[in-house]
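Summary of the model geometry
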Amino acid sequence: MTAQIIDGKAFAATVREKVAAHVTRLKDDHGITPGLAVVLVGEDPASQVYVRNKGKQTVEVGMTSFEHKLPAETSEADLLALIDQLNADPAVHGILVQLPLPGHLDSDLVINSIDPSKDVDGFHISNVGLLGTGQKSMVPCTPLGCLMMLRDHHGSLSGLNAVVIGRSNIVGKPMAQLLLGDSCTVTIAHSRTKDIEEVCRRADILVAAVGRPEMVTGDWIKPGATVIDVGINRVPAPEKGEGKTRLVGDVAFASASEVAGAITPVPGGVGPMTIACLLANTVTAACRANGLPEPEGLTA
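Below is a summary of the structure that appears in this document.

The rules behind each value
- Residues numbered from 1 in each chain as written.
- Predicted model: local features only at pLDDT ≥ 70, side-chain atom pairs only at ≥ 80, totals over all residues.
- Heavy atoms only, no water.
- Pairing = 2+ DSSP bridges.
- Helix = DSSP H or I, 4+ residues; strand = E, 2+ residues; numbered from the N terminus.
- Axes fitted to C-alpha atoms, helices over the stretch in contact; angles between N-to-C directions.
- Left-handed = near helix turned anticlockwise from the far one by under 90°.
- Contact = heavy atoms within 4.5 Å.
- Nonpolar A, V, L, I, M, F, W, Y, C, P; charged D, E, K, R; others polar.
- Buried < 20%, exposed > 50% of the residue type's maximum accessible area, 1.4 Å probe, protein only.
- Core = buried A, V, L, I, M, F, W, Y, C linked by side-chain atoms within 4.5 Å.
- Parallel < 35°, antiparallel > 145°, perpendicular 65-115°, else oblique.
- Salt bridge = Lys/Arg side-chain N within 4 Å of Asp/Glu carboxyl O.
- Expected span 1.5 Å × (residues − 1).
- Arc of directions from axis to C-beta.

1. Some thoughts on the sheet that holds strand β7 (residues 205–208)
- The sheet built from six strands is open, its strands ordered β1-β11-β8-β7-β5-β6 with parallel pairing. Each edge of the sheet is formed by a strand with only one pairing partner; in this case those strands are β1 (4–5) and β6 (185–189).
- In this sheet, strand β11 (residues 262–263) lies alongside strand β8 (residues 226–229) in parallel orientation, the contact comprising two bridges. The residue of β11 that forms the bridge with Thr-226 is Ala-262.

2. Considerations on unusual backbone geometry
- Following Leu-99, the chain continues to Pro-100 via a peptide bond in cis, the omega torsion being 0°.
- As for its position among the elements, Pro-100 is in the loop between β4 (94–97) and α4 (107–111).
- Positioned with a positive phi, Ser-183 is a non-glycine residue whose angle comes to about 70°.
- Non-glycine residue Asp-195 carries a positive phi angle of around 50°.

3. Here's the deal with the packing of helix α6 (residues 141–154) against helix α7 (residues 172–181)
- Packing of α6 against α7 leaves a shortest axis separation of 9 Å and a crossing angle of 35°. Considering the relative orientation of α6 and α7, their crossing is right-handed. Residues Pro-143, Leu-144, Cys-146, Leu-147 and Leu-150 of α6 form the contact with α7, whose own contacting residues are Pro-174, Met-175, Leu-178 and Leu-179.
- The residue makeup of the contact of α6 with α7, split by class, is nine nonpolar, no polar and no charged.

4. Quick look at the environment of Val-128
- Position of Val-128 relative to the elements: it lies in helix α5 (residues 125–132).
- Owing to a relative accessible area of 41%, Val-128 belongs among the partly exposed residues under this scheme.
- In this structure Val-128 touches Gly-122 and Phe-123, once residues within four positions along its chain are discounted.

5. Observations concerning the nonpolar core
- If you look at the biggest cluster of nonpolar residues, it comprises 52 residues, and the most contacted ones within it are Val-15, Val-19, Met-148, Leu-179, Ile-228, Val-230 and Met-273.
- When contributions to this core are tallied by element, the ones reaching two or more residues are α1 (8–30), β2 (35–41), α6, β5 (161–165), α7, β7 and α10 (271–289).
- Counting residues per element, this core draws most heavily on α10, which supplies nine residues.
- Leave out the neighbours within four places in its chain, and Val-15 touches Met-148, Met-273, Ala-276 and Leu-298.
- Ranked by size, the runner-up nonpolar core spans 20 residues in total, among them Ala-189, Ile-196, Ala-203 and Val-227.

6. Structural notes on the packing of α6 against α10
- Running from N to C, α6 and α10 point in directions that differ by 100°, and their axes come no closer than 8 Å. If you check the angle between α6 and α10, you find them roughly perpendicular. Residues Cys-141, Thr-142, Leu-144, Gly-145, Met-148 and Met-149 of α6 form the contact with α10, whose own contacting residues are Met-273, Thr-274, Cys-277, Leu-278 and Asn-281.
- Looking at side-chain class alone, the contact of α6 with α10 contains seven nonpolar, four polar and no charged residues.

7. Section: the pattern of salt bridges
- A full pass over the atoms with the stated rule returns eight salt bridges.
- Salt-bridge contacts for Arg-201 lead to Glu-198; the nearest nitrogen and oxygen are separated by 2.9 Å. Here Glu-198 and Arg-201 lie together in helix α8 (residues 196–201), a separation of three residues that amounts to about one turn.
- Since its relative accessible area comes to 39%, Glu-198 is described here as partly exposed.
- In this structure, Glu-239 engages Arg-246 in a salt bridge whose closest nitrogen and oxygen atoms are separated by 3.9 Å.
- What makes Glu-239 exposed here is its relative accessible area of 59%.
- You can call Arg-246 partly exposed: its relative accessible area is 30%.
- One continuous salt-bridge network, built from bridges that share partners, spans Lys-136, Arg-288 and Glu-294.

8. Comments concerning helix α3 (residues 76–88)
- Compared with an ideal rise of 1.5 Å per residue, which puts 13 residues at 18 Å, α3 spans 18 Å between its outermost C-alpha atoms and is within 8% of the ideal.
- Of all the residues in α3, the buried ones are Leu-79, Leu-82, Ile-83, Leu-86 and Asn-87. Viewed along the axis of α3, the buried residues span an arc of 145°, placing them on a single side of the element. When the buried face of α3 is taken as reference, the exposed residues oriented beyond 90 degrees from it are Ala-77, Gln-85 and Ala-88.
- The secondary structure elements touched by the buried residues of α3 are β2, β3 (64–70), β4 and α4.

Shown next, in the form of structure tokens:
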């Protein structure tokens, strides 16, 4: 068996097209332009690249991009004051504070100072609670992207056995909640799970979000299962030259793709969906703020 490749890059392009169409309708029919504010504290190179990509894609779909780049020594009081301003700004529908923050800043305090209705990352404790109790919330972008791809591939997920490897607040836990919401039978596996290989072999859907390069091999996978690889890990690539690296997922792609029915590659799988779903969440937030119907196909 050779697994079908779930092309996240192509799927993300489709999501962005849907977002752009919704943005056009909001502008033409209601005079509303969704706005996304991104706050970057410090000069972490990876964060700078990510924020730049977010800003570029925000503008490309017709939304307004507000970028706030603050020095690494910014005080907590000043950062919270900026968030208060953005909370009160009606032109800003989504607020994202880029993580990680410098060590002197309390990430939980900062995230929980964002208006939950503008928390397009879905990390605010109120949104975590709403998601966990099956109520309307802002949903974390990466799990939302995974759910969209699974729905597209399977149609209905009802009754399927799903295993999520990883229990992070950013991916593992919300992913499990979303799968439960679509009536899967869900197991969360982690570093202390006994016989983890056997647990994974029972999964119709296997989501790997553990941050360990190529941990999941083909013999962990049920024949025909759908594998969603959230991992993005850099490993040495001596074949490319001294000091060179390559990107791999949490799944050993070569062996897994011989067993799975469908699989996301790394790169080009889940990664492109994260920013696409951030844009989708911003449109959703703009619709909710104005009492308009939510964009179909872009929410959980």
